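Tertiary structure, described
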Amino acid sequence: EAGVAQSPRYKIIEKRQSVAFWCNPISGHATLYWYQQILGQGPKLLIQFQNNGVVDDSQLPKDRFSAERLKGVDSTLKIQPAKLEDSAVYLCASSFDMYNSPLHFGNGTRLTVT
Amino acid sequence: GDSVTQMEGPVTLSEEAFLTINCTYTATGYPSLFWYVQYPGEGLQLLLKATKADDKGSNKGFEATYRKETTSFHLEKGSVQVSDSAVYFCALTPFGNEKLTFGTGTRLTIIP
């Protein structure tokens, strides 16, 4: 089975610029997650989708971050404008459903904001 | 809120040494507990899990036992190999919900 695909793998931008990350989950997985992993810390959940609806976005900085999953499959996470503290690895994960299904993670996108 | 505290690294061991990485948690109710591993250049992978008190999760020679009385889920392996070099994350989810809360990770390096 194909895993969770993310792109790009790396991105370097200047502060105040915008950036977008793309995620394609495992086929048939209804639940999709975006995590932020700052260097030296554990991943932190930004947003969770169930199909194309948002289940939890309580830790998403909504003044600059947005995410969508319009057709309940692929998802895009956007940052506009970026700040230095947004430098991190952005991980996408998917699971078959919200309850007791294991999460499968992509390799992540490493963002550097200069 | 829920939180996970794990042993700070980095940890360096010789091949065939015994490994323990400590993990304790704070959560309401009865969470499920996990260990994830991140090998160099790869994504996070589930290593093992336990969903109720006294359960033991095991995989690839690693084991961890869900201890409710000490709120712990320590990771152990009897004889580590160079290929075990990775970053290990302890994590939990609240009962019936897959929202993972992670610890800060422990980098393990095994030297031949």
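Throughout what follows, the structure given in this document is the object of discussion.

About the cut-offs
- Residues numbered from 1 in each chain as written.
- Chains lettered and ligands numbered in written order.
- Predicted model: local features only at pLDDT ≥ 70, side-chain atom pairs only at ≥ 80, totals over all residues.
- Heavy atoms only, no water.
- Helix = DSSP H or I, 4+ residues; strand = E, 2+ residues; numbered from the N terminus.
- Buried < 20%, exposed > 50% of the residue type's maximum accessible area, 1.4 Å probe, protein only.
- Contact = heavy atoms within 4.5 Å.
- Areas by Shrake-Rupley, 256 points an atom, 1.4 Å probe, with all protein chains shown as cover.
- Lys, Arg positive; Asp, Glu negative; His and termini not counted.
- Charge placed at Lys NZ, Arg CZ, Asp CG, Glu CD.
- Pairing = 2+ DSSP bridges.
- Axes fitted to C-alpha atoms, helices over the stretch in contact; angles between N-to-C directions.
- Core = buried A, V, L, I, M, F, W, Y, C linked by side-chain atoms within 4.5 Å.
- Disulfide = S-S within 2.5 Å.

Helices and strands together make up the secondary structure of chain A, namely zero helices and 11 strands. Along chain A, from the amino end to the carboxyl end, the secondary structure elements read β-β-β-β-β-β-β-β-β-β-β. Principal-axis analysis of the C-alpha atoms places the extent of chain A at approximately 40 × 25 × 25 Å. Burial analysis of chain A (114 residues in total) assigns 46% to the buried set. Pairs at least 24 apart in sequence give 54% of the contacts found in chain A among residues at least 6 apart. Entry remark: accessible area of chain A is about 5,700 Å², with carbon and sulfur atoms responsible for 49%. Averaging the positions of the 12 positive and the 10 negative side-chain charges in chain A gives two centres separated by 7 Å.

Residue and element names in this part refer to chain B. The strand order across the open sheet formed by four strands is 3-9-8-7, and the pairing between neighbours is antiparallel. On the outer flanks of this sheet lie strand 3 (19–21) and strand 7 (56–59), each paired with one strand and no other. Taking the axes of each pair of neighbouring strands and ignoring which way they run, one obtains an average angle of 20° across the sheet.

Before going further, it helps to examine the environment of Pro 8 of chain A. Inspection of the secondary structure assignment puts Pro 8 of chain A in the loop between strand 1 (5–7) and strand 2 (10–13). When neighbours within four sequence positions are excluded, Pro 8 of chain A is seen to be in contact with Ala 20, Phe 21, Gly 108 and Thr 109 of chain A.

Okay, unusual backbone geometry next. Cis rather than trans, the peptide bond between Ser 7 of chain A and Pro 8 of chain A has omega equal to -10°. Cis geometry marks the peptide bond from Gly 9 of chain B to Pro 10 of chain B, where omega comes out at -5°. Structurally, Pro 10 of chain B is set in the loop between strand 1 (3–6) and strand 2 (11–14). Even without being a glycine, Arg 16 of chain A presents a positive backbone phi close to 80°. For Arg 16 of chain A, the location among the structural elements is in the loop between strand 2 and strand 3 (19–24). Phi is positive for Thr 71 of chain B, which is not a glycine, with a value near 40°. For Thr 71 of chain B, the location among the structural elements is in the loop between strand 8 (62–65) and strand 9 (75–77).

Okay, the sheet that holds strand 7 (residues 65–68) of chain A next. All names here are of chain A. Pairing in this open sheet of four strands is antiparallel, and the strands run 1-3-8-7 from one edge to the other. Edge positions in the sheet fall to strand 1 and strand 7, since each of these pairs with one other strand and no more. Going across the sheet, the axis of each strand differs from the next one's by a mean of 15°, ignoring polarity. Pairing analysis gives five bridges linking strand 3 to strand 8 (residues 75–79), with the strands arranged antiparallel. Note that in strand 8 the partner of Ala 20 across the bridge is Lys 78.

The next subject is the pairing of strand 11 (residues 109–113) of chain A. Residues and elements named next belong to chain A. Alternating positions in strand 11 separate cleanly, Thr 109, Leu 111 and Val 113 being buried on one face and Arg 110 and Thr 112 remaining unburied on the opposite face. As defined by bridge partners, strand 2 adjoins strand 11 across four bridges and the pair is classed as parallel. What sits directly across from Lys 11, in strand 11, is Leu 111. Pairing of strand 9 (residues 88–95) with strand 11, which is carried by three bridges, proceeds in the antiparallel orientation. Paired with Val 89 across the bridge in strand 11 is Arg 110.

Here we come to the nonpolar core. Residues and elements named next belong to chain B. Trp 35, Leu 47, Leu 48, Phe 73, Leu 75 and Tyr 88 are the most contacted members of the largest nonpolar core, which has 26 residues in total. Among the elements of the structure, strand 2, strand 3, strand 4 (23–26), strand 5 (32–38), strand 6 (44–50), strand 8, strand 10 (86–93) and strand 12 (106–111) are those that each provide at least two residues to this core. In terms of residue count, strand 10 provides more of this core than any other element does, four residues in total. Every residue in contact with Tyr 88, bar those within four places of it in the chain, is listed here: Gln 6, Ile 21, Trp 35, Tyr 36, Val 37, Leu 47, Phe 62, Leu 75, Gly 105, Thr 106 and Leu 108.

With that out of the way, let us pick up the state of the cysteines. Tallied over the entire structure, the rule returns two disulfides over all chains. Paired through a disulfide, Cys 23 of chain A and Cys 92 of chain A show a sulfur-sulfur distance of 1.9 Å. Because the torsion about its S-S bond is -70°, the bridge between Cys 23 of chain A and Cys 92 of chain A counts as left-handed. Separated by 69 residues along the polypeptide, Cys 23 of chain A in strand 3 and Cys 92 of chain A in strand 9 bring together distant segments of the chain. Judged by its relative accessible area of 0%, Cys 23 of chain A is buried. Among the residues examined, Cys 92 of chain A registers a relative accessible area of 0% and is labelled buried. Covalent S-S linkage joins Cys 23 of chain B and Cys 90 of chain B, the inter-sulfur distance amounting to 1.9 Å. The disulfide joining Cys 23 of chain B to Cys 90 of chain B has a torsion of about -70° about its S-S bond and is therefore left-handed. Separated by 67 residues along the polypeptide, Cys 23 of chain B in strand 4 and Cys 90 of chain B in strand 10 bring together distant segments of the chain.

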